[in-house]
Amino acid sequence: MLKALVKIILIAFLGLVAFLLYNTFTFSSKQVAYEAAAPVEVSETAVKHFRESIKIKTVSHEHGSDFDSASFGAFTDFLSTTYPYCDSLLMKEVLNSYSHLYKWQGTNTELKPIVLMAHLDVVPVIEANKADWKHDAFGAELIGDTIWGRGAIDDKVGVIGILEAAEQLLKDGYMPKRTIYFAFGHDEEVGGRNGAAVIAQYLKEQNVQAEFVLDEGGVITQDIVPGIDKKVGLICIAEKGFVSLKLNTKIKGGHSSMPDKETAIDVMAYAIANLKANPFPTRISEPVQAFIDHVGPEMPFGNKLAFANSAVLGGVIKMIYEKKASTNAQVRTTTAPTIFCGGVKENIIPQEVAATVNFRILPGETIEDVVAHVKKVIHDDRIEVTIGEFTSEPSPVSDITAFGYTAINKTIKQTYDDIITTPGLMVGATDSRSFTTITDNVYRFLPIKITPSNIKCFHGVNERIALSEFKDAVCFYTRLMLNVQ
């Protein structure tokens, strides 16, 4: 009896091993080879323009009273004078005084237009961190082969890359078959409600139905994806939603010398601790599964085996993803307490305490799901839960078989040598979320390289970009405009 049981177990085990190996060896590459593209010459004048754009302090501050209209007005003037062909030959709208929409009319009105996006504004340079900058944050200094300054990668490289490409094509007399829009919002860093959202609404009112929209988001990574030595071009096909929940409780306070067994701070602290101890479950969403399917075949055998068998080994994959903050954000709706308010004096027990918890929501879940989860975990009627003003549901998932994805994929392959391309999930928020009303396919990719050495300069200190990478960005946008025709 025992021998028979052992035999059954052994056969089952060998069957499982055979199944896993079969899936692994038949897990074929999804990388597509494309014909070489004609070279694109990028002049030193383009570099000069890029540096000039960085010097203009188009900073978005949290408080509207700090808005510097003069700087944004100067950027408007800069665009008009620097790109005279775009300014005179394309139809142009300035919305809410500082956001820009260009329309390059195509010759074939049967073709749906495309929308290329970037944002004009940058985050502030924190006063306390100025000493940590190696070069002036708005000096746009060219040191060796690197351009330094706020906005170099987020996101003036997109604005100038698009306009330099268009300006040169216009000078060459190029006329597109497909209409191309350029949409540049001025307040992405504070939510985009007065910039990109207004542009999107304007296009909707004009009955524009786009073939696809391309905004920032995914990048070219190097030495970041474990097990992959090659560059990886990440085309994000969805972005997470977000909501901040306000938690508030009122309990009788008093003198700190006579504390009750439970105070408002105790109640709120316990609630926050419970939320952190009971996170949302991990889940492999559609964009992450697409990433697994495209990157997995290019990995070493051990990683490939796991990715090839994600239906069976999904739990292992999720467990690995959970270990790092950057990958954990890919597989669950995240919980991040960001504000805790209570108390004004060391010997007074406050009677009211408030906290804010920010959630980034996986596609397939909703703000309503988040609220229900929080109330269930806290399970305390003394805590009032309200939704903050700035919210967004997760975006729809865009089609990786559609024309837009294929065109972007092709252009990346033609611009960067020895690169793997893959769909993916954007964990942050972009202006593109406003454009789902005019197209089913929104993609997020910015032609810049991110490595372990520069990843922290996003919204941090020493933001910079290699000169060659800026030129690659101009090449990318030039080729994309040609490839979509």
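You'll find the structure just up there.
My aim in this report is to walk through the structure given alongside it, one point at a time. As the structure is a computational prediction, the values presented were derived from the model and not from experiment.

Quick notes on the rules
- Residues numbered from 1 in each chain as written.
- Predicted model: local features only at pLDDT ≥ 70, side-chain atom pairs only at ≥ 80, totals over all residues.
- Heavy atoms only, no water.
- Helix = DSSP H or I, 4+ residues; strand = E, 2+ residues; numbered from the N terminus.
- Buried < 20%, exposed > 50% of the residue type's maximum accessible area, 1.4 Å probe, protein only.
- Contact = heavy atoms within 4.5 Å.
- Phe/Tyr/Trp six-rings, centres within 6.5 Å; stacked < 30°, edge-to-face > 60°.
- Lys NZ or Arg CZ within 6 Å of the ring centre and 35° of its normal.
- Patch = residues over 30% accessible without salt bridge, like charges linked within 9 Å, V, L, I, M, F, W, Y side chains within 5 Å.
- Areas by Shrake-Rupley, 256 points an atom, 1.4 Å probe, with all protein chains shown as cover.
- Salt bridge = Lys/Arg side-chain N within 4 Å of Asp/Glu carboxyl O.
- Pairing = 2+ DSSP bridges.
- Axes fitted to C-alpha atoms, helices over the stretch in contact; angles between N-to-C directions.
- Polar contact = N/O pair within 3.5 Å; in protein donor to acceptor, adjacent residues only side chain to side chain.

1. Points about unusual backbone geometry
Then, in step 1: Cis geometry is adopted by the peptide bond preceding Asp 155, which originates at Asp 154 and carries an omega value of 10°.
Then, in step 2: Of note, the phi angle at Ser 97 is positive, near 75°, even though the residue is not glycine.
Then, in step 3: When you line up the elements, Ser 97 lands in the loop between strand E1 (91–95) and strand E2 (99–104).
Then, in step 4: For Ala 140, which is not a glycine, the phi torsion comes out positive at approximately 50°.

2. Some points on helix H8 (residues 286–295)
Then, in step 1: In terms of burial, H8 is a largely internal element, 7 of the 10 residues being buried.
Then, in step 2: The set of residues buried in H8 consists of Pro 287, Val 288, Ala 290, Phe 291, Ile 292, His 294 and Val 295.
Then, in step 3: Contacts made by the buried residues of H8 are with strand E8 (231–239), helix H9 (301–308), helix H10 (310–322), helix H11 (325–331) and strand E15 (419–426).

3. Description of the packing of aromatic side chains
Then, in step 1: A complete count under the given rule lists 16 aromatic pairs for this structure.
Then, in step 2: Consider the rings of Phe 67 and Tyr 98, whose centres lie 5.3 Å apart with planes at 55°: the pair is tilted. Of this pair, Phe 67 sits in the loop between helix H2 (44–55) and helix H3 (69–82) while Tyr 98 sits in the loop between E1 and E2; the two residues are 31 residues apart in sequence, bridging distant segments of the chain.
Then, in step 3: For Phe 67, a relative accessible area of 31% puts it in the partly exposed group.
Then, in step 4: Centre to centre, the rings of Tyr 102 and Phe 184 are 6.0 Å apart; their planes meet at 65°, and the pair counts as edge-to-face. Of this pair, Tyr 102 sits in strand E2 while Phe 184 sits in strand E6 (residues 180–185); the two residues are 82 residues apart in sequence, bridging distant segments of the chain.
Then, in step 5: Three or more aromatic residues joined by ring pairs make a cluster, and in this case those are Phe 67, Phe 72 and Tyr 98.
Then, in step 6: Here Arg 193 stacks its cationic end above the ring of Phe 390, 4.7 Å away from the centre of that ring.

4. Some points on a nonpolar patch on the surface
Then, in step 1: Taken together, the side chains of Leu 10, Phe 13, Leu 14 and Val 17 present a nonpolar region at the surface, about 370 Å² in accessible area.
Then, in step 2: Among the secondary structure elements, Leu 14 is positioned in helix H1 (residues 2–25).

5. Remarks on the pairing of E2
Then, in step 1: A large share of E2 lies buried, amounting to 5 of its 6 residues.
Then, in step 2: Sheet topology places E1 next to E2; 5 bridges connect them, and they run antiparallel. Considered in E2, the bridge of Val 94 is made with His 100.
Then, in step 3: The antiparallel hairpin formed by E1 and E2 contains 3 residues in its connecting segment, where Asn 96 sits at a positive phi of about 50°.
Then, in step 4: For E2 and E6, the ladder comprises 5 bridges, and the chain directions are antiparallel. The residue bridging Tyr 102 from the neighbouring strand is Phe 182, located in E6.

6. Thoughts on the sheet that holds strand E17 (residues 464–466)
Then, in step 1: Taken in spatial order, the 3 strands line up as E4-E5-E17 in an open sheet, and their pairing is antiparallel. For this open sheet the edge positions go to strand E4 (142–143) and E17, each flanked by a neighbour on one side alone.
Then, in step 2: Where strand E5 (residues 146–148) and E17 come together, 3 bridges link them in antiparallel fashion. Across the sheet, Thr 146 pairs through a bridge with Ala 466, a residue of E17.
Then, in step 3: On top of the sheet, helix H14 (residues 467–483) reaches E5 and E17; it is set at about 80° to E17, its chief contact.

7. Some points on the side chain of Gln 330
Then, in step 1: Along the chain, Gln 330 turns up in helix H11.
Then, in step 2: Only 3.3 Å separates the side chain of Gln 330 from the backbone oxygen of Leu 425, close enough to count as a polar contact.
Then, in step 3: Residue contacts for Gln 330: discarding those within four places in its chain leaves Arg 283, Val 288, Tyr 321, Leu 362, Leu 425 and Val 427.

8. Brief notes about the environment of Ser 326
Then, in step 1: Secondary-structure assignment places Ser 326 in helix H11.
Then, in step 2: Assessed through its relative accessible area of 53%, Ser 326 is described here as exposed.

9. Notes on the pattern of salt bridges
Then, in step 1: Within the structure shown, the criterion is met by 13 salt bridges.
Then, in step 2: Between Glu 127 and Lys 130 there is a salt bridge, with the nearest N and O atoms lying 3.3 Å from each other.
Then, in step 3: For the salt bridge of Arg 382 with Asp 380, the shortest nitrogen-to-oxygen distance reads 2.9 Å.
Then, in step 4: One network of salt bridges, with partners in common, ties together Glu 262, Asp 380 and Arg 382.

10. Concerning the environment of Pro 279
Then, in step 1: Inspection of the secondary structure assignment puts Pro 279 in the loop between helix H7 (264–277) and H8.
Then, in step 2: Expressed as a C-alpha distance, the spacing of Pro 279 and Lys 324, which sit 45 residues apart in the sequence, is 15 Å.
Then, in step 3: What Pro 279 contacts, discounting residues up to four positions off in sequence, is Arg 332 and His 373.

The values reported here are purely geometric and, on their own, carry no functional implication.
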